[in-house]
Amino acid sequence: MLTLVHVRSTLVVLLLTAASTGAAQTNRAVIQKLDSTAGSGVVEQRAVGLVAAVVKGNDTLLLKGYGRANAEWDVPMPADAMFEIGSVAKQFTAAAVLQLRDQGKLSLDDDITKWLPDFDTRGNAVPLRRLLDHTSGIVGLTEMPEFGALVSNPRFPRDSAYALIKRYPFQFPTGTAQVYNNSAFWLAGLIVEKASGMTYEDYVEKKIFAPLGMTRSMYCNSNEHVPRRAHGYGVQNGVIRRAPMNVHTWPFAAGSICSTAGDLVTWLKALHGGKVLSPRSYAEMIAPSKLADGTPLRYGMALGVGKDSRGLNVIGHGGSISGFNAEAGWYPDVQMAVVVLTNTTGNLDPGAVAGELAAEVLPWTRPTFATFMGDAAPLVGKYQGPARGRDMIVEVTQTPQGVAFSINGAAARPLPWVEGLTFRNGGASLTFRRGSGNTGPATELRYQGQAAYSVLKRQ
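Chemist: Would you take a moment to explain the overall build of the protein chain for this structure?
Modeler: Scanning the protein chain for helices and strands turns up 10 helices and 22 strands. Its C-alpha radius of gyration of 24 Å places the protein chain within 12% of the 23 Å reference for a compact globule of 459 residues. Overall, the C-alpha framework of the protein chain stretches about 90 × 60 × 50 Å when taken along its three principal axes. Here the protein chain holds 459 residues, and the buried ones make up 51% of them. Contacts in the protein chain between residues at least 24 apart in sequence constitute 61% of all its contacts with a sequence separation of at least 6.

Chemist: Would you explain the packing of aromatic side chains in this entry?
Modeler: For any two aromatic rings, the description comes down to two numbers: the centre-to-centre distance and the angle of the planes. Under the criterion given, the structure shown has 14 aromatic pairs. Seen from their ring centres, phenylalanine 372 and tryptophan 417 are 6.0 Å apart, and the 70° between their planes marks the pair as edge-to-face. Taken together, the positions of phenylalanine 372 in the loop between helix H10 (350-361) and strand E14 (381-386) and tryptophan 417 in strand E18 (residues 417-419) put the pair 45 residues apart, joining distant regions of the chain. Between phenylalanine 405 and phenylalanine 432, the ring centres sit 5.9 Å apart and the planes meet at 35°, which makes this aromatic pair tilted.

Chemist: Just checking my understanding: could you explain the sheet that holds strand E13 (residues 344-345) for this structure?
Modeler: To summarise the sheet geometry, strands pair through backbone hydrogen bonds and adopt either a parallel or an antiparallel arrangement. In space, the three strands of this open sheet follow the order E7-E6-E13, with mixed pairing throughout. Of all strands in the sheet, those bounded by a partner on one side alone are strand E7 (239-242) and E13. Looking at chain direction, strand E6 (residues 233-236) and E13 are connected through two bridges and run parallel. The partner of glycine 234 across the bridge, within E13, is threonine 345.

Chemist: How do you make sense of the nonpolar core when you look at a structure like this?
Modeler: What tends to happen in soluble globular proteins is that the nonpolar side chains get buried as a cluster. Core analysis: the biggest nonpolar cluster contains 88 residues, and Phe92, Phe119, Trp186, Leu187, Trp267 and Val339 have the highest contact counts within it. The leading source of residues in this core is helix H6 (residues 182-196), at nine residues. Each residue touching phenylalanine 92, except ones within four places of it in the same chain, is listed here: Ile85, Ile208, Phe209, Met214, Ile257, Leu264 and Trp267. Residues Leu61, Val338, Val353 and Leu362 belong to the second largest nonpolar core, which totals 23 residues.

Chemist: Could you clarify how one ought to interpret the pairing of strand E22 (residues 452-458) in this entry?
Modeler: Sheet analysis places E14 next to E22, joined by two bridges and oriented antiparallel. Each bridged residue has a counterpart across the sheet, and for tyrosine 383 the counterpart in E22 is arginine 458. Sheet topology note: the strand E21 (residues 439-449)/E22 ladder contains six bridges and is antiparallel. Its bridge partner being in E22, tyrosine 447 is matched across the sheet by serine 454.

Chemist: Got a minute to help me understand the sheet that holds strand E12 (residues 336-342) in this structure?
Modeler: With respect to topology, seven strands assemble into an open sheet ordered E3-E2-E1-E12-E11-E10-E9, the strand pairing being antiparallel. Sheet topology places strand E3 (75-76) and strand E9 (304-307) at the edges, where each strand pairs with a single neighbour. As judged from the eight bridges shared by strand E1 (residues 49-56) and strand E2 (residues 59-70), these two strands associate in the antiparallel manner. Following the sheet pairing, glycine 49 is matched in E2 by glycine 67. Running over the sheet, helix H8 (residues 261-271) touches E1, E2, strand E11 (324-331) and E12 and is turned about 150° from E12.

Chemist: Where do I start with the pattern of salt bridges in this structure?
Modeler: Think of it this way: side chains of opposite charge can pair up when their charged atoms draw near. Taken as a whole and judged by the stated rule, the model has 20 salt bridges. Measuring nitrogen to oxygen at the nearest pair gives 2.5 Å for the salt bridge that ties lysine 457 to glutamate 444. Of this pair, lysine 457 sits in strand E22 while glutamate 444 sits in strand E21, placing them 13 residues apart in sequence. Judged by relative accessible area, glutamate 444 falls into the buried class, the value being 11%. Salt bridges sharing partners connect three or more residues here, namely Arg101, Asp102, Asp109, Arg129, Arg280 and Glu284.

Chemist: Mind showing me how you'd approach H10 here?
Modeler: Because each turn of an α-helix spans 3.6 residues, side chains separated by three or four positions in sequence point in the same direction. Look at H10: 17 Å from first C-alpha to last across 12 residues, which is about the 16 Å you get at 1.5 Å a residue. All of the buried residues along H10 are Pro350, Val353, Ala354, Gly355, Leu357, Ala358, Ala359 and Val361. Where H10 starts, the residue carrying a side-chain oxygen 2.9 Å from the main-chain nitrogen of glycine 351 turns out to be aspartate 349.

Rules and cut-offs
- Residues numbered from 1 in each chain as written.
- Predicted model: local features only at pLDDT ≥ 70, side-chain atom pairs only at ≥ 80, totals over all residues.
- Heavy atoms only, no water.
- Helix = DSSP H or I, 4+ residues; strand = E, 2+ residues; numbered from the N terminus.
- Rg over C-alpha atoms; globule rule 2.2 N^0.38 Å.
- Buried < 20%, exposed > 50% of the residue type's maximum accessible area, 1.4 Å probe, protein only.
- Contact = heavy atoms within 4.5 Å.
- Phe/Tyr/Trp six-rings, centres within 6.5 Å; stacked < 30°, edge-to-face > 60°.
- Pairing = 2+ DSSP bridges.
- Core = buried A, V, L, I, M, F, W, Y, C linked by side-chain atoms within 4.5 Å.
- Axes fitted to C-alpha atoms, helices over the stretch in contact; angles between N-to-C directions.
- Salt bridge = Lys/Arg side-chain N within 4 Å of Asp/Glu carboxyl O.
- Expected span 1.5 Å × (residues − 1).
- Polar contact = N/O pair within 3.5 Å; in protein donor to acceptor, adjacent residues only side chain to side chain.

Take a look at the structure:
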């Protein structure tokens, strides 16, 4: 005979079973959607190969290879394929500097000349922290006209790169703008060597990779035999071409790390889980930096910080080097790592893929924008200021469809209005500033991206 207690117990079991089944079905649907999203670029022939990872807490929702690691031999892409990760490497350089600070071997407020006494700062005070957030004003190595001819030539020693960086005047006074800068991280690598007494290569491999068990990560060496290393390609209009081999004498501390999606998940969980830096150093690494005038940036130390285009909080960085593109992001609200690595440059943005993967897992609301209804006449004009590789020029016009912007000669188009005098261009914002408070014509246009803050003056 069943008692009321037995009936209740049975109902509880049935309800728990139904809930568990429903959750499993939902999880399977999410995993299937992640799989489809990650592989779409390969299916559409926009990439030769790709590995994607999505790990939320202790749950691996996705870790899979798509396409080919070697197109010539039609070798499938393994999930643990090793890629060159480009500027994702910068966070390892920043972490090395911060570890050395934690050990009392340097200070972020040390001027660069303490460690590189022969470096001409042209009268600028350049504390080490300004090397790590792209605000030093030093000209970027990869934007120098000599770079293209020398980067793939193994006969040019590392000293040649240092001599070239020292030759150029500053692009702007230190701390007054933010322009993405490989030179600064290159110099930070030299300082890691001087402060640690080790080569940069040995430091990252022995002090970061080995303690964390990142056995499939290394300083890139194109001549070394590496099992399951992906080959780099370019894709343009459906045509696949083998990318030139990268010589890692020059990318150095700005972009010469090779790794796998699994190892980068290990890294993200360790860095953001307190296993790499002291609490003080970690907090500084992920805190938005500021310009000298107090303007907040969307970048910490080698990491973009803030909200993505869907309004999700993310800390991360992308990377690009001949034949390879990468993205590694951490969603702190849910302790989730998203990594996308491709062995292709051309038609697929791993940052966009990573954002789509995160959006499949996390709830978000599509942002809404309006049309600017104010008087656009004070905004119309031409604005110019320092940016990556050259000055940025923005021409602003008034059209029946709204305020239109032509950026670096591109066709003018209206941009959505956010608030006040701020407009949005994809993931970047453009904000006008007036010379006399809230009245009069605009005198500046400030362009802010994840690792860019350019002050454009009205011409």
